[in-house]
Amino acid sequence: MRYGYFDDKNREYVIDRPDTPSPWVNYLGSPDYGAIISNNASGYSFAKSGANGRILRYIFNNFDQPGRYLYIRDNESKDYWSASWQPVGKDLNSYKSKCRHGMGYTCMTANYDGVTSRALYYVPLGKSYEVWGLSITNDSAHTRSLTLSGYAEPLFDTYTDPEERMEQELSELKNYWYEKLDHLKVSTPSPEFNTMLNTWNAYNCFMTFIWSRAASFIYCGLRNGYGYRDTVQDIQGIIHLAPEMAAEKLRFMLSAQVSNGGGLPLVKFTHNPGHEDTPDDASYRQETGHPAYRADDALWLFPTVYKYIAETGDMEFLNEVIPFADKDEASVYEHLKRAAAFSFAHLGPHGMPAGLYADWNDCLRLGANGESSFVAMQFYYAMTVLKQFAEYTKDTEYIKYLEEKQEETGNTIQKLCWDQDRFIRGYTEAGKRIGASGDPEANLWLNPQSWSVISGLASVEQADTALTNVYERLNTEYGALLMDPPYHADAFDGALAVIYNQGTKENSGIFSQSQGWLVLAEALRGHGERAFRYFMENAPAAWNDQAEIRRLEPYCYGQFTEGRASEHQGRSHVHWLTGTASTMMVGCVEGILGLRPDLTGITLAPSIPKDWAHLEIQKDFRGKHLHIIIENPDRRESGYRKLILNGRELNGNHIPASLLENENEICLML
């Protein structure tokens, strides 16, 4: 069932049927003043913190109330209604409305009983208040006497010249967002891919980047800080669109790295670099509720720092001196070396990184000395990145050290974790293998298969075998399961996912963030058909006409979708603020489109459906503009025949940054 449509020209999602399966919302404002508004004008506002700075009240339930309500009353007939369908809820046969969610604003128009209303909600750029604007048009043939009133806790002051000022502020707001989003524009045969990449995935990335997990209709503001792994990954989604913003947040997160190399599991909004307690201190554990380090937190710095430097060419970023969370300061390069040292200092009995409190999967507790294959693959990848940075800094002895350690780590993973046609998930502290082919439950896990490819660890044969196993065993029409079969009767003590119903969340649900890694892995192997299929299975826009199944907004990603073991297969949960936004962006940009910046330039290696005969990309890169045309006359999934830059054929599919002009015409022939 369809409840709305994409207006790509105006970068709006238009809801023309207001009785949506759940509240479909938009974000307004900035970190100083934020607001969330649904298609029926519910929601809340807050200053800086959704927990401690709440301005408007909201009840977190399915009733979607209260909110920012504007009432209209006919003084003659005594009839009344609202500028949004709810809270009055007039019969939809007589009440017609459209809600337009745009970039930082929401506009609702309604027509009832010969009266048209237009309600506009936004937070002006750089301001710490929100604006409500209501205009009324009498479409009937007789004079109307109306009373207009508003409801909220509290109400605000009024503008003296509202129409002109609101028009100017709305224009400023649109220009602000359009300028950022226009740094990458694509035109492909897929309207779903176009609208997600050009507008909604990008906007979703910014909202997640700005608000982390602090405020939504699910998160009530109780996480009063930034999760380390979440935030460092979120940065990846906007690097190509707003590198300056990315760098600022990256510096902040580096300052939340402890001097021992680990990351603070929760970085407080009041973070004070150089003066913070750590998980080694009882005071930190008591204040934050995080009892120990996580195995993967600091490892996310490696892909994020690399992506930033590759996108911008800012190699000097490695030399910037940034304080640690608790004490001391060091260059970014030294921060990364300490992150690696933290993993080297916390190895399990088999020589792989120890599980500590948890890895990416908080519901999989392998034990402090358990070992995660996922983290081991991240660590393997981290050493690849660090070797490149060591070469730049001419850290010769350290390069030799990394080469030895990476080979040793790779051999260990291969020996202990490859099991016939899959990589296992790891070992518990007691030595039990998790994710082995003979296990009665949870014998195939998604992330080790995708990350074996992303990390560069898997051989070609292993990569293709593992990915085929995922496709045949884990894939559904709504995406790939996180693992299968679900835990039920054979869960070990650390398999906390067993508390969830089978087919939900980490217990064999479709965890959406992992889909982006799967898209990227398939694309890295040149499997364009599968990469795009996984995109479409998880893309909100692809479910616009069956929105009653997914239930969430068809323009933003969710955290997870219920899998085939659930009676509600296909239903999605936890909107907007999810790492899915950044992983899907990276999977689509670096994977499907094949735009892969590196330290010396950019490689073009698209992995696309065979029926994509032609696509165009407009990309800003290191202060230059790239107009890229990809031609696919032989209907291939990947590969290339020739690459032409400004009329000159290059040798290979890599473009050195030194050859780029201010404006560049590029043609890649598959």
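This write-up is about the structure you can find in this document. Everything quoted here is computed from the prediction, not taken from an experiment.

### Some remarks on the packing of helix 10 (residues 446-454) against helix 11 (residues 460-473)
It is the contact of helix 10 with helix 11, at a shortest axis distance of 9 Å, that shows an interaxial angle of 145°. Viewed along their axes, helix 10 and helix 11 form a crossing whose handedness is left-handed. Residue-level contacts link Leu446, Gln449 and Val453 of helix 10 to Ala463, Ala466, Leu467 and Val470 of helix 11. Each residue belonging to the contact of helix 10 with helix 11 can be placed in one class, and the counts come to six nonpolar, one polar and no charged.

### Some details on a negative patch on the surface
On the surface, Glu391, Glu403, Glu404, Glu407 and Glu408 cluster together into a patch of negative charge. The topology assignment puts glutamate 391 in helix 8 (residues 373-392).

### Overview of the nonpolar core
Of all hydrophobic cores here, the largest spans 192 residues; its most connected members are Phe193, Phe535 and Ile592. It is helix 8 that contributes the most residues to this core, 13 residues altogether. Discounting chain neighbours no more than four positions away, the residues touching phenylalanine 193 are Val186, Thr188, Phe532, Phe535, Cys588, Ile592, Leu593 and Trp612. The next biggest cluster of nonpolar side chains, apart from the first, holds nine residues, and it includes Ile434, Met483, Phe492 and Ala495.

### Overview of the environment of histidine 290
Along the chain, the position of histidine 290 falls in the loop between helix 5 (282-288) and helix 6 (301-312). Among residues more than four places away in sequence, those in contact with histidine 290 are Pro265, Leu266, Tyr284 and Arg285.

### Overview of helix 1 (residues 162-181)
Along its 20 residues, helix 1 runs 28 Å from first to last C-alpha, staying within 8% of the 28 Å computed at 1.5 Å per residue. Residues of helix 1 that are buried include every one of Met166, Glu169, Leu170, Leu173, Trp177, Tyr178, Lys180 and Leu181, and no others. Buried residues along helix 1 cover an arc of 165° about the axis, so they all sit on one side. Away from its buried face, by an angle of more than 90 degrees, helix 1 presents the exposed residues Glu164 and Glu167.

What counts, and where the lines are drawn
Residues numbered from 1 in each chain as written. Predicted model: local features only at pLDDT ≥ 70, side-chain atom pairs only at ≥ 80, totals over all residues. Heavy atoms only, no water. Axes fitted to C-alpha atoms, helices over the stretch in contact; angles between N-to-C directions. Helix = DSSP H or I, 4+ residues; strand = E, 2+ residues; numbered from the N terminus. Left-handed = near helix turned anticlockwise from the far one by under 90°. Contact = heavy atoms within 4.5 Å. Nonpolar A, V, L, I, M, F, W, Y, C, P; charged D, E, K, R; others polar. Patch = residues over 30% accessible without salt bridge, like charges linked within 9 Å, V, L, I, M, F, W, Y side chains within 5 Å. Areas by Shrake-Rupley, 256 points an atom, 1.4 Å probe, with all protein chains shown as cover. Salt bridge = Lys/Arg side-chain N within 4 Å of Asp/Glu carboxyl O. Lys, Arg positive; Asp, Glu negative; His and termini not counted. Charge placed at Lys NZ, Arg CZ, Asp CG, Glu CD. Core = buried A, V, L, I, M, F, W, Y, C linked by side-chain atoms within 4.5 Å. Buried < 20%, exposed > 50% of the residue type's maximum accessible area, 1.4 Å probe, protein only. Expected span 1.5 Å × (residues − 1). Arc of directions from axis to C-beta.

Distances and angles like these do not, on their own, reveal function.
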